[in-house]
Amino acid sequence: MKYRLFSNGLRVHSVSLPVLFCLTSAVLCSGCGSETYEKRLNETAQYFAYLDVRNQALSGAWSSPTIHFRPPLDFQEIRADLPAAAPKEENADTDTEAAPAQPDQSIDPRQPDYIDLHLPGLEGAWRTEVPVDLENETVDRPAYLYVLSNYSLLKAKEKEAAANFFSDVNNQLSTTFGQFLNTEDFVTERFPHGKGYINPKSFTYGVLTPEMPIDGIPYEVQIYLSEAGDNQAVILVVLPKEMAHKSKLQKQIEYSLETFELQSPQGGGDGGTRESTQF
């Protein structure tokens, strides 16, 4: 079947149905292409706005042999190469000038000094001061972030101990705080929550709320477990329960977890993947 079309010179042209369909589709698709382009352009703008907000919430990259991530901006790293000061002697003569105490090389300054807790496989530690609302005043109290892994156990070829690393950490916490930590209550958390612009990072998450206060203040311990092949890592966040403006710091922590990567030292297939965008 042929259809007649008129050009600007009013000359008649015969056009077959398939050709007419192609011409119509081309006109319509030109509009579709414009809408798709605008949509992609808008999503790209939103992605870079998201990156800008996240960058403002995080510090620079931090790495260990198996871990790569960006810590929350408000936390300052506790350096492992700064030995803790030796305690003063109780019976020291105050009338005589004593020699300055030498740092104790056997104490890791990254380990908690506010409670009798030794964290196994400690890779990094960070500290910040946060406001805490009390009944009649607001005071500053410390908050902590710790990164642990079973890397040293794997390196020493202690496979059984490396496989039980999660259980060891949980037992240490339970013993220190005198509370049973039921890992069956843990849930899966993904960051970012909901639809995001990167592949979400999954963690097994639990929280411990000690009955015993720390320096007179109730605290909570957030526990994030990550696993890739034989590699296991634990992120512990120790926060005052009554912290003011908690949502701001918590958002920084969530942004930080989005960047967390666990991988083998050789960069093999057992590790996490680098960020990739999703549109």
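Residues numbered from 1 in each chain as written. Predicted model: local features only at pLDDT ≥ 70, side-chain atom pairs only at ≥ 80, totals over all residues. Heavy atoms only, no water.

J.: Break down the overall build of the protein chain for me, with residues and values.
T.: Within the protein chain, the regular secondary structure consists of five helices and 12 strands. Buried residues in the protein chain amount to 39% of all 279 residues. Contacts spanning at least 24 positions in sequence make up 57% of the contacts within the protein chain whose residues lie at least 6 apart. Total accessible area on the protein chain stands at roughly 17,100 Å², and carbon and sulfur atoms take up 51% of it. (Helix = DSSP H or I, 4+ residues; strand = E, 2+ residues; numbered from the N terminus. Buried < 20%, exposed > 50% of the residue type's maximum accessible area, 1.4 Å probe, protein only. Contact = heavy atoms within 4.5 Å. Areas by Shrake-Rupley, 256 points an atom, 1.4 Å probe, with all protein chains shown as cover.)

J.: Please provide a residue-by-residue account of empty space enclosed by the protein, values included.
T.: This model, assessed by the stated rule, comprises one cavity of 30 Å³ or more. A volume near 60 Å³ is recorded for the largest cavity. Forming the boundary of the largest cavity are Pro112, Tyr114, Ile115, Leu117, Leu119, Tyr146, Leu173, Phe177, Val221, Leu236 and Val238. Elements represented by at least two residues in the lining of the largest cavity include exactly α4 (165-177) and β11 (231-240). Residues belonging to the lining of the largest cavity are distributed by class as follows: 11 nonpolar, no polar and no charged. (1 Å grid on protein atoms, 1.4 Å probe; cavity = no way out; pocket = protein on both sides within 12 Å on 5 of 7 lines; lining within 4 Å. Points joined across faces, edges and corners; volume = space filled by probe spheres on them. Nonpolar A, V, L, I, M, F, W, Y, C, P; charged D, E, K, R; others polar.)

J.: Please give an account of the sheet that holds strand β3 (residues 62-63) that cites residues and values.
T.: Taken in spatial order, the three strands make up an open sheet running β3-β4-β12, and their pairing is antiparallel. Only two strands of the sheet have a single partner each, and these edge strands are β3 and β12 (261-262). As defined by bridge partners, strand β4 (residues 67-69) adjoins β12 across two bridges and the pair is classed as antiparallel. Note on β12: the bridge partner recorded for His68 is Glu261. (Pairing = 2+ DSSP bridges.)

J.: Explain the side chain of Gln250 to me, using residue names and the numbers behind them.
T.: Relative to the helices and strands, Gln250 resides in helix α5 (residues 246-258). When near neighbours in sequence (up to four residues on either side) are disregarded, Gln250 contacts Gln222, Tyr224 and Leu239.

J.: How would you sum up the nonpolar core? Please name residues and give values.
T.: Counting residues in hydrophobic clusters, the biggest one holds 54 residues, and the most contacted among them are Tyr146, Leu148, Leu173, Ile223, Val234, Leu236 and Phe260. Looking at this core, the elements with two or more residues in it are β4, β6 (122-133), β7 (138-149), α4, β9 (201-208), β10 (219-228), β11 and α5. Not counting residues up to four positions away in its chain, the partners in contact with Val234 are Tyr146, Val147, Leu148, Phe165, Phe166, Val169, Ile223, Tyr224 and Leu225. With eight residues, the next largest nonpolar core counts Tyr47, Leu51, Leu58 and Ile198 among its residues. (Core = buried A, V, L, I, M, F, W, Y, C linked by side-chain atoms within 4.5 Å.)

J.: So, the pattern of salt bridges: which residues are in play, and what are the values?
T.: This structure, assessed with the given rule, holds eight salt bridges. Between Asp74 and Lys248 there is a salt bridge, with its nearest N and O atoms 3.1 Å apart. In this pair, Asp74 sits in the loop between β4 and β5 (76-77) while Lys248 sits in helix α5, placing the two residues 174 residues apart along the sequence. For Asp74, a relative accessible area of 26% corresponds to the partly exposed category. With a shortest N-O distance of 3.9 Å, Glu254 and Lys251 are connected by a salt bridge. Of this pair, Glu254 and Lys251 both sit in helix α5, separated by three residues, roughly a single helical turn. (Salt bridge = Lys/Arg side-chain N within 4 Å of Asp/Glu carboxyl O.)

J.: Explain the side chain of Thr66 residue by residue, including any values.
T.: Along the chain, the position of Thr66 falls in the loop between β3 and β4. In contact with Thr66, not counting residues within four places along its chain, are Ser149, Tyr151, Asn231, Glu261, Leu262, Gln263 and Pro265.

J.: Now, about α5: what can you tell me, with residues and values included?
T.: Here α5 is 13 residues long and its end C-alpha atoms lie 19 Å apart, about the 18 Å a rise of 1.5 Å per residue gives. For α5, every residue scored as buried is listed here: Leu249, Gln250, Gln252, Ile253, Glu254, Tyr255, Ser256, Leu257 and Glu258. (Expected span 1.5 Å × (residues − 1).)

J.: Break down the packing of aromatic side chains for me, with residues and values.
T.: Going through the model one piece at a time under the given rule, you end up with 14 aromatic pairs. With 6.1 Å between their ring centres and 65 degrees between their planes, Phe191 and Tyr224 make a pair best called edge-to-face. Highlighted residues: Phe191 in strand β8 (residues 187-191) and Tyr224 in strand β10, separated in sequence by 33 residues. With a relative accessible area of 3%, Phe191 lands in the buried category. You can call Tyr224 buried: its relative accessible area is 2%. Above the plane of the ring of Tyr255 lies Lys251, whose end atom (NZ or CZ) is 5.0 Å from the centre. (Phe/Tyr/Trp six-rings, centres within 6.5 Å; stacked < 30°, edge-to-face > 60°. Lys NZ or Arg CZ within 6 Å of the ring centre and 35° of its normal.)

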